[in-house]
Amino acid sequence: MQALRVDRLTDDLSGVQLVNVPAPTRVSGEVLVRVRAASLNFPDLLMTRGEYQFKPEPPFTAGLELAGEVLEADPASGFAPGDRVMGGNKTGAFAEIASVPADKLALMPQGMDFPSAAAMGAAYSTAFTGLVELGALDEGQWVLVHGASGGVGLAACDLARAMGARVIATTGSPAKADRIAALVRPDAVIGTAGRFRETIAELTGGVLADIVFDPVGGDVFDESTRCVAFGGKLIVVGFTAGRIAEVSTNIPLIKGFSIVGLRAGEYARRFPERGAAINQAIRKLAEAGAIVPAIDRTLPLSRWREGFDAMAQRQLVGKVVFVPGM
Ligand SMILES: NC(=O)c1ccc[n+]([C@@H]2O[C@H](COP(=O)([O-])OP(=O)(O)OC[C@H]3O[C@@H](n4cnc5c(N)ncnc54)[C@H](OP(=O)(O)O)[C@@H]3O)[C@@H](O)[C@H]2O)c1
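Residues numbered from 1 in each chain as written. Predicted model: local features only at pLDDT ≥ 70, side-chain atom pairs only at ≥ 80, totals over all residues. Heavy atoms only, no water.

Q: Help me get a handle on the overall build of the protein, residues and values and all.
A: In terms of regular secondary structure, the protein is built from 10 helices and 16 strands. Against the compact-globule benchmark of 20 Å for 326 residues, the protein has a radius of gyration of 19 Å, which places it among compact chains. Principal-axis analysis of the C-alpha atoms places the extent of the protein at approximately 60 × 40 × 35 Å. In the protein, which comprises 326 residues, the share counted as buried stands at 50%. (Helix = DSSP H or I, 4+ residues; strand = E, 2+ residues; numbered from the N terminus. Rg over C-alpha atoms; globule rule 2.2 N^0.38 Å. Buried < 20%, exposed > 50% of the residue type's maximum accessible area, 1.4 Å probe, protein only.)

Given below as structure tokens:
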């Protein structure tokens with residue numbers, strides 16, 4: 001079968017190649033899945049460089065998120081051949097067949113296609129865990145979402161809107177603003193070049209943001225400490241800008257806000273019942289049509305390089321989905 005293998009950790013993808021390898025055989029506790037679609041997440045890119053917190057030893061098959069059909073499963077797993085499932089286990093998704101632990105899979109929402117299911121899981125569980133579970137998002141609150149053109153950022157905008165919040169989306173690439181607006185209909189889309197606190201104050205009528213959801217970090221995080229309302233939350237999601245910001249602790253004290261660290265996957269591992277409840281809530285919203293994952297492009301796995309390059313060069317508005325064997 002075809003698989004996208006990382007043979008060496010490099011910062012230019014030169015250690016990554018599509019290879020033919022034997023299909024995995026199912027081990028106890030795992031489910032064998034024919035991958036119909038697999039989506040690209042920023043951590044996939046970081047893992048090819050050895051820059052993600054989880055550092056698998058090469059060679060490994062890339063891909064943390066997939067949707068597909070069950071080929072083989074232990075009856076005790078709760079899955080049966082033919083079930084349409086979504087999920088993933090940090091690596092192994094960018095292949096024609098993957099063996100995934102049963103507890104890392106869920107049935108796809110009714111009526112959803114494979115690309116949407118592959119694009120939804122990680123982005124929406126990250127958004128839900130941050131905004132709803134840790135952020136206690138309430139209807140009518142102001143939410144400021146950075147990196148809003150990204151998979152996680154668009155999911156956060158979409159989810160916040162579905163929950164009745166007022167959303168200000170930001171982008172460091174102003175040319176993407178119209179596409180973000182069309183996809184998730186936020187109250188405003190603004191650029192993050194320079195200072196943006198006054199714009200947030202104006203848009204919110206002086207309230208500022210009840211929740212800031214920040215996958216970008218760096219200068220955007222620094223300015224965000226000036227944009228949080230008293231009693232609000234600044235959620236640290238990631239560092240796509242490449243700089244991990246530092247903050248003087250007098251700032252959250254004086255301004256009365258909390259800085260909240262988000263690790264959506266780890267949260268679900270430590271609190272499996274909460275993780276299951278989060279997945280269930282997302283599934284209900286998806287089945288009701290209240291949330292819709294945004295896909296920038298669908299590519300055959302053979303064109304993996306195009307997808308990775310587009311992500312690295314910030315060309316995307318939404319997710320890249322790979323279809324193996326296409
Ligand atoms: N904490 C968690 O549990 C968790 C879970 C999943 C993902 N994450 C993190 O969330 C972040 C976003 O992931 P994603 O899959 O949504 O990635 P993505 O689709 O590539 O989106 C990232 C967005 O960040 C913005 N950005 C700003 N500066 C950038 C730079 N220098 N290089 C690249 N992008 C830059 C880009 O938007 P503009 O061009 O519009 O500015 C881009 O669309 C990553 O850091 C990832 O590791 C965290």
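More follows now that the structure is in view.
Q: Now, about the domain arrangement of the protein: what can you tell me, with residues and values included?
A: Annotation of the protein at the domain level lists domain 1 (2-108 + 294-323) and domain 2 (127-265). For domain 1 and domain 2, the distance between their C-alpha centres works out to 29 Å. Facing the 10 residues of domain 1 at the interface are 11 residues of domain 2. In total, about 780 Å² of surface goes out of reach between domain 1 and domain 2, with carbon and sulfur atoms giving 59% of it. The closest approach of N and O atoms between R179 and D296, which form a salt bridge, is 3.2 Å. The interface formed by domain 1 and domain 2 includes four residue pairs in polar contact (both at pLDDT 80 or more). Looking at side-chain class alone, the side of domain 1 that touches domain 2 contains four nonpolar, three polar and three charged residues. (Domains from an automatic or database assignment. Contact = heavy atoms within 4.5 Å. Buried area = accessible area lost by both parts, 1.4 Å probe. Salt bridge = Lys/Arg side-chain N within 4 Å of Asp/Glu carboxyl O. Polar contact = N/O pair within 3.5 Å; in protein donor to acceptor, adjacent residues only side chain to side chain. Nonpolar A, V, L, I, M, F, W, Y, C, P; charged D, E, K, R; others polar.)

Q: Break down the site of the ligand for me, citing the residues and quoting the values.
A: Around the ligand lies a shell of 24 residues, among which S149, T171, G172, S173 and K176 are the nearest. Measuring from an oxygen atom of the ligand, one finds a side-chain N or O atom of S149 at 2.7 Å. Contact between the ligand and V152: an oxygen atom at 2.8 Å from a main-chain N or O atom of the residue. Where the shell around the ligand is concerned, the elements lending two or more residues are helix 1 (42-49) and helix 3 (151-162). Residue classes in the shell around the ligand are distributed as 11 nonpolar, 10 polar and three charged. Each of two domains, domain 1 (2-108 + 294-323) and domain 2 (127-265), supplies a minimum of three residues to the shell around the ligand. (Near = heavy atom within 4 Å.)

Q: Would you mind going over the environment of L4 in detail, with residue names and values included?
A: The residue L4 is located in strand 1 (residues 2-6) in this model. Spatially, the C-alpha atom of L4 lies 8.0 Å from that of L301, the residues being 297 residues apart in sequence. Apart from residues no more than four positions distant in its own chain, L4 is found in contact with V16, Q17, L18, F60, T61, A62, F94, W304 and F308.

Q: Explain the sheet that holds strand 11 (residues 188-191) residue by residue, including any values.
A: As summarised here, the arrangement of the six strands in space is 11-10-9-12-13-14, forming an open sheet in which the pairing is parallel. Both outer strands of the open sheet, strand 11 and strand 14 (258-261), are each paired with one neighbouring strand and no more. Strand-to-strand twist in this sheet, taken as the mean axis angle between neighbours without regard to direction, amounts to 20 degrees. Sheet topology note: the strand 13 (residues 228-236)/strand 14 ladder contains four bridges and is parallel. Bridging across to strand 14, K233 finds its partner in S258. (Pairing = 2+ DSSP bridges. Axes fitted to C-alpha atoms, helices over the stretch in contact; angles between N-to-C directions.)

Q: Can you lay out the environment of A290 for me, pointing to particular residues and giving the numbers?
A: Mapped onto the elements, A290 comes out in the loop between helix 9 (272-287) and strand 15 (295-300). Residue A290 is classed as partly exposed on the basis of its relative accessible area, which comes to 36%. Once the C-alpha coordinates of A290 and L159 are considered, the two residues, 131 residues apart in sequence, prove to be 8.2 Å apart. The residues touching A290, leaving out its near neighbours within four places in the chain, are D158, A162 and L285.

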